[in-house]
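# Fold and geometry: a report
Residues per chain, in single letters:
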Amino acid sequence: MTDTPDPSQDPTATAAHDPAPVAAPVPAPTGEDTVWAVPAHLAPPARRSRPWLRTALRWSIATVLCAAVGTGTAFAVMAPDRTDLPGLKTPADGRYVFPAFVLPPMPSAASDTENTPSDGSHPLHTADLRGLLLPVPVGGRLAAAYPGAHGWYPSSAYAAKFTTGASLLTTFADRGLRHIAATAWTAPDGTRTEIYLLAFRSETTASERVLQDTLNLRLAAAPKAVSDTTTVFPGLNTAPGVLIQPAGGAQPAVDLGMVNEGDVEEVVVMSNPKAVSPTAFQQVMILQGEILQS
């Protein structure tokens, strides 16, 4: 009787009957997962760091920007003012353009004690009044008949300009008039300006003279002038007395202003066949007064 082999004791038989192991499926490659590496001998060489190139580029950009800004600024500076463009020009308000003014030197022998009045008023003007006259504005024509910085104006010629000339000369002698500095010019607008600086022996005397002149003084060329209290003169120590005559018939327009500046009476006369610019009159009064105050 033949023995039947035991399959459990024969490894070969066991292997023949066991199923073979199944490997895990490999996913098919897709286009997104495929990476193609460049061979090392075909790869480009690594870029070297060049800091100097970046610096040069930055400076080049900065230079271009500065040039652009500078050019724009130059055009802005050379561009005409808005008020100078046709249709946008601001109308002139009548003011004059005066050259630079330099105060004359003080006398070497002058001292505050010697020139301070005993009544406590402002010191006397020790500087030469002829050097304190307002200069001729740009474009103005100087009147040759007035001495300006080269001499004193005769008191008789000054008094003759007013309707009460004879009494004025008597008042000058009583009040101690020392001298008169005077100048005159004609501006480009046709307005004639006359400035008189009357120096008295004290501020009190000059102040009294201004008050009397405001009430009684009348120009022979403007007998119908009337008092005006509406014009303001900022910067002056005291309010001026002002007389105004409008143009009419054969009479020109005349503005007369009088103000006390220490021991000096400032008198300004401006006349024009048509009209005197209120702004110009105000400007001349204030500037001459500020010169005397300095």
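Please read all numbers here as calculations on a predicted model, not as lab measurements.

### Observations regarding the nonpolar core
The biggest cluster of nonpolar side chains holds 29 residues, and the ones touching the most others in it are Leu129, Ile195, Leu197, Met270, Phe281 and Val284. Looking at this core, the elements with two or more residues in it are strand E2 (179-186), strand E3 (192-199), strand E6 (253-261), strand E7 (264-272) and helix H6 (278-293). The element best represented in this core is H6, accounting for seven residues. Those residues in contact with isoleucine 195 that lie beyond four places of it in its chain are Leu133, Leu134, Ala181, Ala182, Thr183, Trp185, Val267, Val268, Val284 and Gln288. In this structure, Ala143, Phe172, Ile180 and Val269 belong to the second largest nonpolar core, which totals 27 residues.

### Some points on H6
Given a rise of 1.5 Å per residue, 16 residues ought to cover 22 Å, and the 22 Å separating the end C-alpha atoms of H6 matches this to within 8%. Within H6, the full set of buried residues consists of Ala280, Phe281, Gln283, Val284, Met285, Ile286, Gln288, Gly289, Ile291 and Leu292.

### A few points about the packing of helix H4 (residues 165-175) against helix H5 (residues 203-216)
Axes are the key here: two packed helices are described by the angle between their axes and the distance separating the axes. Running from N to C, H4 and H5 cross one another at 160°; their axes reach a closest spacing of 11 Å. For the element pair H4 / H5, the angle class is roughly antiparallel. Along this stretch, H4 crosses H5, giving a crossing that reads as right-handed. Contacts from Leu168, Thr171 and Arg175 of H4 reach H5 at Thr205, Glu208, Arg209 and Asp213.

### Structural notes on the environment of aspartate 128
You can see aspartate 128 is positioned in the loop between helix H2 (51-78) and strand E1 (141-142). Each residue touching aspartate 128, except ones within four places of it in the same chain, is listed here: Pro104 and Trp152. There is a polar contact of 2.8 Å between the side chain of aspartate 128 and the side chain of arginine 130.

### Focus: the confidence of the model for the chain
Summarising the model, the chain shows a mean pLDDT of 79, and 66% of its residues fall at 70 or more. Note that residues 73-79 has pLDDT below 50 and, in this model, zero contacts with residues that lie over four places away or in other chains. Note that pLDDT drops below 50 for residues 110-120; the model gives that stretch eleven contacts with residues more than four away or on any other chain.

How each quantity is defined
- Residues numbered from 1 in each chain as written.
- Predicted model: local features only at pLDDT ≥ 70, side-chain atom pairs only at ≥ 80, totals over all residues.
- Heavy atoms only, no water.
- Core = buried A, V, L, I, M, F, W, Y, C linked by side-chain atoms within 4.5 Å.
- Buried < 20%, exposed > 50% of the residue type's maximum accessible area, 1.4 Å probe, protein only.
- Helix = DSSP H or I, 4+ residues; strand = E, 2+ residues; numbered from the N terminus.
- Contact = heavy atoms within 4.5 Å.
- Expected span 1.5 Å × (residues − 1).
- Axes fitted to C-alpha atoms, helices over the stretch in contact; angles between N-to-C directions.
- Parallel < 35°, antiparallel > 145°, perpendicular 65-115°, else oblique.
- Left-handed = near helix turned anticlockwise from the far one by under 90°.
- Polar contact = N/O pair within 3.5 Å; in protein donor to acceptor, adjacent residues only side chain to side chain.
- pLDDT = per-residue confidence, 0-100.

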